[in-house]
Amino acid sequence: MEIVIANKSHSIYAEVICNTIADAAQVRGTGIAKRKPEYIITKMENGNAVIALEGDKFAGFCYIEQWSHGKFVANSGLIVHPDFRNMGLAKKIKKRIFEHSRDKYPNAKVFSITTGLAVMKMNSDLGYKPVTFSELTEDQSFWNGCQTCKNFDVLTRTEQKMCLCTGMLYDPSKEVKKTHQHNYDKKVWTRLKNIKQSMFLKKDKKNE
């Protein structure tokens, strides 16, 4: 297994990447913004993605997005092919794209919005902190990218202040040396996720 910075030669995997993301969204029943192959290829050509391969077989992927003139970057589209799940690959890809982001955009704040508990844990291990949406990029083009998510109406109703996703941020200006492993409490994150779903999904049913 190799995890490398993607380039133009990897464009042949764009279709399967998009299909894998779409299939994962359907299985989870949670919001994942859809992406087109052309968009994925652009990320590869610009050196803003990493891809995991087992020989010639696609195993996983993640890419970088820039916002607010490079003040913010996000590691998006993290996906692992079903044949390679439950092997710790997602964590390795997440670590590689995070390191690549820090090397390429050393002064940028790295952020994430997600409903996935596994992603929250990986973010926490890398030094991300939970934040309100107001601390994330104000670049409207980022939030417009949520339009293909099934929960976009929640984001709209709250005027982009809250959604089922949790916002997390890594601020390099506040980086401190780790003296111990940051504790991740799955029960706390699960409770937070359940509270959000209860709040917003009940509202949806009332409006039906």
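What counts as what
- Residues numbered from 1 in each chain as written.
- Predicted model: local features only at pLDDT ≥ 70, side-chain atom pairs only at ≥ 80, totals over all residues.
- Heavy atoms only, no water.
- Helix = DSSP H or I, 4+ residues; strand = E, 2+ residues; numbered from the N terminus.
- Buried < 20%, exposed > 50% of the residue type's maximum accessible area, 1.4 Å probe, protein only.
- Contact = heavy atoms within 4.5 Å.
- Pairing = 2+ DSSP bridges.
- Phe/Tyr/Trp six-rings, centres within 6.5 Å; stacked < 30°, edge-to-face > 60°.

The chain is annotated in an unreviewed UniProt entry as GNAT family N-acetyltransferase of Lacinutrix gracilariae.

Participant: Explain the environment of Phe 72 to me, using residue names and the numbers behind them.
Facilitator: Within the secondary structure layout, Phe 72 lies in strand E4 (residues 72-80). Classification of Phe 72 as buried rests on a relative accessible area of 11%. Through-space distance from the C-alpha of Phe 72 to that of Thr 137 is 6.4 Å; in sequence the pair is 65 residues apart. Once residues within four sequence positions are removed from consideration, Phe 72 is found in contact with Glu 65, Gln 66, Trp 67, Ala 108, Lys 109, Phe 111, Glu 135, Leu 136, Thr 137 and Leu 169.

Participant: If you had to explain the pairing of strand E3 (residues 57-67) to someone new, which residues and values would you point to?
Facilitator: Every other side chain in a regular strand lies on the same face of the sheet, so the side chains alternate between the two faces. With 9 of its 11 residues buried, E3 lies for the most part within the structure. Note that strand E2 (residues 49-54) and E3 share 6 bridges and pair antiparallel. Directly across from Leu 53, in E3, lies its bridge partner Phe 58. The antiparallel hairpin formed by E2 and E3 contains 2 residues in its connecting segment, where Gly 55 sits at a positive phi of about 70 degrees. Note that E3 and E4 share 7 bridges and pair antiparallel. By the bridge assignment for E4, Glu 65 is matched with Ala 74.

Participant: Describe in detail the packing of aromatic side chains, supporting the description with residues and values.
Facilitator: Taken as a whole and assessed by the stated rule, the structure comprises 9 aromatic pairs. Each ring, one from Trp 67 and one from Phe 142, has its centre 5.3 Å from the other, and the planes form 70 degrees; the classification is edge-to-face. Of this pair, Trp 67 sits in strand E3 while Phe 142 sits in helix H5 (residues 140-144); the two residues are 75 residues apart in sequence, bridging distant segments of the chain. For the pair shown, Trp 67 and Phe 142 are each scored as buried.

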